[in-house]
Amino acid sequence: MTFSLIAVRRPVFGAPGSVICIWSVAGTGGEMVVEEGGPGPSKPACDRCSRQREKKDKQQDKQQDKQQACEGFTIRAMMKNSVVRGPPPAGSVKQRPAKRTAFRKFYDRGDFPIAVEHGHVGNKIAWKAEIENLDYHYFLPLFFDGLRETEFPYEFFARQGVHDMLEHGGNKILPVVPQLIIPIKDALNLRNRQILCTTLKVLQHLVVSAEMVGEALVPYYRQILPVLSIFKNMNVNLGDGIEYSQQKRENVGVLIQETLELFERYGGEHAYINIKYMIPTYWSCI
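Residues numbered from 1 in each chain as written. Predicted model: local features only at pLDDT ≥ 70, side-chain atom pairs only at ≥ 80, totals over all residues. Heavy atoms only, no water.

With that settled, consider the packing of aromatic side chains. Each aromatic ring pair is specified by the distance between its two centres and by the angle formed by the two planes. Per the stated rule, a full pass over the model turns up 15 aromatic pairs. Ring centres 4.9 Å apart and planes at 90° place the aromatic pair Tyr138 and Phe139 in the edge-to-face group. Residue classification places Tyr138 among the partly exposed positions, given a relative accessible area of 35%. The exposure class of Phe139 is buried, given its relative accessible area of 11%. The ring centre of Tyr154 lies 4.2 Å from the NZ or CZ of Arg104, which sits over that ring. (Phe/Tyr/Trp six-rings, centres within 6.5 Å; stacked < 30°, edge-to-face > 60°. Buried < 20%, exposed > 50% of the residue type's maximum accessible area, 1.4 Å probe, protein only. Lys NZ or Arg CZ within 6 Å of the ring centre and 35° of its normal.)

Here you go:
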């Protein structure tokens, strides 16, 4: 007895075709016995859909590969397969590199009558001369120039030295105000968060250090306020969380708001108009 397998494809409505298996058996007497099997496995419709989707995805990928990025307002931007790049970032809040300050040069040379006094609570400046007897026209602008420093001990001496001189300066501070504008502007233009916080605290102390100092700063708002306008709304939104930088007074947005309010209170009748001109989003606190 011999067996042979014959496969025949029979067309079926709604499908490309099904396979019918036919078994032919040769008996002992030579007669042929034919047995018809069931249809073979056919590919489901979901497989065909997935293949069509893969083909479409490949075509789209090829089209995207052909697309070329180009600059705006050029001839290539008008072509079919061109993609126009977006505008570059303006960099208004990007930190600027700091240059070597005159304060560091004079400190390394030993021109300042200061030294470090280590205490239990923290470090202080041990002045080798009476602060009231110092030449404010010479020393105060140099200490303000040191506000751009971020390294110890330069940053500590400049920051603490400015506060000590403002605390004991009295009437000597007002004549020196025009010499302080350029160091303040240079420190703010670095856009360094640490330097911004230090300079804003110094500005708050400067305004209340002596009479008429707040009014003397009004003509220089155009040099001081542009950077404050950029960082005015830089607050951290944590929802119901706790922002510990407010307690440490390291939140730039809060410090700027406090500084502008002090400018308005101590700047006289024309302070608010000039602040509003430079920072239109500021509202009066009086």
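From this point, the narrative continues.
Every buried residue of helix 8 (residues 221-231) is accounted for by Tyr221, Ile224, Leu225, Val227, Leu228 and Phe231. Buried residues of helix 8, viewed axially, fall in a sector of 160°; they line one side. The inward-facing, buried residues of helix 8 contact helix 5 (177-189), helix 6 (193-209), helix 7 (213-216), helix 10 (252-266) and helix 11 (271-278). (Helix = DSSP H or I, 4+ residues; strand = E, 2+ residues; numbered from the N terminus. Arc of directions from axis to C-beta. Contact = heavy atoms within 4.5 Å.)

Turning next to empty space enclosed by the protein. Empty pockets left among the atoms are what a rolling probe the size of a water molecule brings to light. This model, assessed by the stated rule, comprises one cavity of 30 Å³ or more. Computed from the structure, the largest cavity encloses a volume of approximately 40 Å³. Of all elements in the fold, only helix 4 (154-169) and helix 6 reach the threshold of two or more residues within the lining of the largest cavity. The dominant element in the lining of the largest cavity, judged by the number of residues it contributes, is helix 6, at three residues. Tallied by class, the residues present in the lining of the largest cavity amount to two nonpolar, three polar and three charged. (1 Å grid on protein atoms, 1.4 Å probe; cavity = no way out; pocket = protein on both sides within 12 Å on 5 of 7 lines; lining within 4 Å. Points joined across faces, edges and corners; volume = space filled by probe spheres on them. Nonpolar A, V, L, I, M, F, W, Y, C, P; charged D, E, K, R; others polar.)

Turning our eyes to something else, we now look at helix 6. Over its 17 residues, helix 6 runs 24 Å from end to end, which matches the ideal 24 Å to within 8%, given 1.5 Å per residue. Extensive coverage of helix 6 is indicated by the burial of twelve of its 17 residues. Residues of helix 6 that are buried sit in contact with helix 3 (136-145), helix 4, helix 5, helix 7, helix 8 and helix 10. Capping of helix 6 at its N-terminal end is provided by Asn192; its side-chain oxygen lies 2.9 Å from the backbone amide nitrogen of Gln194. (Expected span 1.5 Å × (residues − 1). Polar contact = N/O pair within 3.5 Å; in protein donor to acceptor, adjacent residues only side chain to side chain.)

We now examine a nonpolar patch on the surface. A surface patch of nonpolar side chains, amounting to about 190 Å² of accessible area, comprises Val93, Ile230 and Met234. Along the polypeptide, Val93 turns up in the loop between strand 5 (82-84) and helix 2 (102-109). (Patch = residues over 30% accessible without salt bridge, like charges linked within 9 Å, V, L, I, M, F, W, Y side chains within 5 Å. Areas by Shrake-Rupley, 256 points an atom, 1.4 Å probe, with all protein chains shown as cover. Salt bridge = Lys/Arg side-chain N within 4 Å of Asp/Glu carboxyl O.)

Another point: the nonpolar core. Residues Phe144, Leu206 and Leu225 are the most contacted members of the largest nonpolar core, which totals 59 residues. Take this core: its biggest share by element is eight residues, from helix 6. What Phe144 contacts, discounting residues up to four positions off in sequence, is Val162, Leu166, Leu180, Pro183, Ile184, Val202 and Leu206. (Core = buried A, V, L, I, M, F, W, Y, C linked by side-chain atoms within 4.5 Å.)

With that out of the way, let us pick up the pairing of strand 7 (residues 123-127). Note that strand 6 (residues 114-118) and strand 7 share five bridges and pair antiparallel. Its bridge partner lying in strand 7, Glu117 is registered against Lys124. Connecting the antiparallel pair strand 6 and strand 7 is a turn made up of four residues. (Pairing = 2+ DSSP bridges.)

Right, let's talk about the pattern of salt bridges for a bit. In total, this model carries eight salt bridges according to the counting rule given. Among the salt bridges present, the one from Arg100 reaches Asp108, with a minimum N-O distance of 3.6 Å. Classification of Arg100 as exposed rests on a relative accessible area of 58%. Between Arg104 and Glu151 there is a salt bridge, with the nearest N and O atoms lying 3.2 Å from each other. Pair noted here: Arg104 is in helix 2 and Glu151 is in the loop between helix 3 and helix 4, with a separation of 47 residues, a long-range link.

Structural measurements only, silent on function.
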